[in-house]
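Residue-level structural notes
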Amino acid sequence: MRRNDRSGRKGWGERARRARACGAGALSKRDRAGRCEGPRRPGSGAASETVKNRSKKSSKKGNSNSSSSKLPPVCYEIITLKTKKKKKMAADIFPRKKPANTNTTAVQQYHQQNLNNNNTIPAPNWQGLYPTIRERNAVMFNNDLMADVHFVVGPPGGTQRLPGHKYVLAVGSSVFHAMFYGELAEDKDEIRIPDVEPAAFLAMLKYIYCDEIDLAADTVLATLYAAKKYIVPHLARACVNFLETSLSAKNACVLLSQSCLFEEPDLTQRCWEVIDAQAELALKSEGFCDIDFQTLESILRRETLNAKEIVVFEAALNWAEVECQRQELTATIENKRKVLGKALYLIRIPTMALDDFANGAAQSGILTLNETNDIFLWYTAAKKPELQFVSKPRKGLVPQRCHRFQSCAYRSNQWRYRGRCDSIQFAVDKRVFIAGFGLYGSSCGSAEYSAKIELKRQGVILGQNLSKYFSDGSSNTFPVWFEYPVQIEPDTFYTASVILDGNELSYFGQEGMTEVQCGKVTVQFQCSSDSTNGTGVQGGQIPELIFYA
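Residues numbered from 1 in each chain as written. Predicted model: local features only at pLDDT ≥ 70, side-chain atom pairs only at ≥ 80, totals over all residues. Heavy atoms only, no water.

**Thoughts on the pattern of salt bridges**
- With the rule as written, the count across this model stands at 20 salt bridges.
- Across the pair E190 and R161 runs a salt bridge, and its minimum N-O distance is 3.0 Å. Of this pair, E190 sits in strand β3 (residues 190-193) while R161 sits in strand β2 (residues 160-164), placing them 29 residues apart in sequence.
- Note on E190: relative accessible area 33%, which makes it partly exposed.
- When its relative accessible area of 38% is taken as the criterion, R161 is described as partly exposed.
- The residue E309 makes a salt bridge to R394 at a minimum N-O spacing of 2.9 Å. In this pair, E309 is assigned in helix α17 (residues 309-326) and R394 in the loop between α20 (369-380) and β4 (400-403), connecting sequence segments 85 residues apart.
- Classification of R394 by relative accessible area gives buried; the value is 11%.
- Here the salt bridges share partners, and the residues they tie into one network are R134, K206, E212 and D214. (Salt bridge = Lys/Arg side-chain N within 4 Å of Asp/Glu carboxyl O. Helix = DSSP H or I, 4+ residues; strand = E, 2+ residues; numbered from the N terminus. Buried < 20%, exposed > 50% of the residue type's maximum accessible area, 1.4 Å probe, protein only.)

As structure tokens, then:
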């Protein structure tokens, strides 16, 4: 039996076998022309025409799969009508093509009008330019054509009047549905919304009308507020994802304050991860001074804050100065202490290094004379006075170490440096913060090394430091730290490099692994083209990555 008939259809043999299993009866002369005896199903004309072609071919060749030339004829018509076809959408039937020359100018004109407010579409058949309902709906975005409601958006003095279409808005938001079609709906032609920024409201309307998410760093928080207010959950989720991907130490404190306001626990957790690991950067950022008092208290109370206490103290004073301006107070010592209130005692001043306290907090003027005296006694006296300040050091974060070698060696192959670079590439499957590297030291007794460490992504330096470390002659690794931990994104390769100067005969790693599981983090390693001193996946320097997760 041939698989293809003259009309080019495939799979006829399979349908014929299925039909025989149904027990089709004999065909009359008329039926052999392609019509099934018995009642016809509606819409079978096309199928009958196909059967004619197949009947002629099958009468000549016969069925090669059958054991006899006399087989019961088949009712093909029913089988072909049974096949299920996926419904096609307008975009599938009318694939998007470039408009003809006569319409190009018109389409561009409509798109330009779409960007401007209160412009109507003059062409009577503009609908024909757009094949899908989504595109036709998008034309109405920010367009006065057929608008049955207007919004005056923004605070007094910065308002913008925007057109809307009740049906479209009600389909996109349950709040708009209740506003326009609910039991308490009010028939107003103009609605004032003073608590939403015009740019954020437009971003929400663009999503409702066009199914497009257009976010920007300077308006995403306001857009999230609008999406939460009008219960547009998918847009709100997109805003949160945008904030998570753009999260850094510079904006973590502000986003922490906003995430608590918007009740976004996932974003709150991500903010705390950044603040804990990069605490000193976060506390020194301008955004820290913009947080509310409740967020300030939660940060100062944080047990896992990875920062020196003098940095925490200075950040609190900076916040107090800006808060005085917000409350229209003169930034005097008395007013700073007033706006800090009981939050001052959350700063663990007694845990500072003595010189940090003596040269910083003791001379700031923010402490009373009695408080200063008691803290000095706390440092020096055997019988320590009672303090209102928390005197227990913060726990901070415990660094994790990813060791990539299974053994180490020395002397059999002398490992020399002479200013050359040892380098390795790595990638992680979860966001982490690289705090430093663990390095090998001298194999010939104690020695001191000077180390320049770098962390790069696609050639861009993300972190570097020049420091010294002391090696005691053992095969242990010795940590060398960056000034601040560096945030590492998942599924991207970074380059870790070190240039050492010191005793040339040192330990080096062997039996390196391309993948290492460290806690909940998986680290992959590969060779780096920056390495000019022999370090690679199988052996060499940089045996450890030290990170917070």
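**Section: the packing of aromatic side chains**
- For the structure shown, the criterion picks out 16 aromatic pairs.
- Ring centres 5.1 Å apart and planes at 55° place the aromatic pair F151 and F201 in the tilted group. Highlighted residues: F151 in strand β1 (residues 149-153) and F201 in helix α10 (residues 198-210), separated in sequence by 50 residues. You'll find F151 and F201 in the same group, each marked buried.
- When the ring of F357 is compared with that of F376, the centres are 5.0 Å apart and the planes differ by 70°; the resulting orientation is edge-to-face. Here the residue F357 occupies a position in helix α19 (residues 354-359), and F376 occupies one in helix α20, the gap between them amounting to 19 residues.
- On the basis of relative accessible area, F357 is assigned to the buried category, the value being 0%.
- Put simply, the rings of F151, F176, F180, F201 and Y230 touch in pairs and so form one group of aromatic residues.
- The lysine or arginine in question, R302, covers the ring of W272, its NZ or CZ lying 4.1 Å from the ring centre.
- In this arrangement the basic side chain of R404 is found over the ring face of F525, its NZ or CZ atom lying 5.7 Å from the centre. (Phe/Tyr/Trp six-rings, centres within 6.5 Å; stacked < 30°, edge-to-face > 60°. Lys NZ or Arg CZ within 6 Å of the ring centre and 35° of its normal.)

**Here's the deal with the nonpolar core**
- Among the nonpolar cores identified, the biggest contains 91 residues, and F151, F201 and I349 are the most heavily contacted of them.
- Here this core gets 10 residues from one element, more than from any other, and that element is α17.
- Leaving out residues up to four positions away in the same chain, I349 has contacts with E309, F313, F357, A361, L367, I375, Y379, F389 and V390.
- Within the second largest apolar cluster, 36 residues are counted, among which are C402, V432, L455 and F547. (Core = buried A, V, L, I, M, F, W, Y, C linked by side-chain atoms within 4.5 Å. Contact = heavy atoms within 4.5 Å.)

Geometry only, nothing functional implied.
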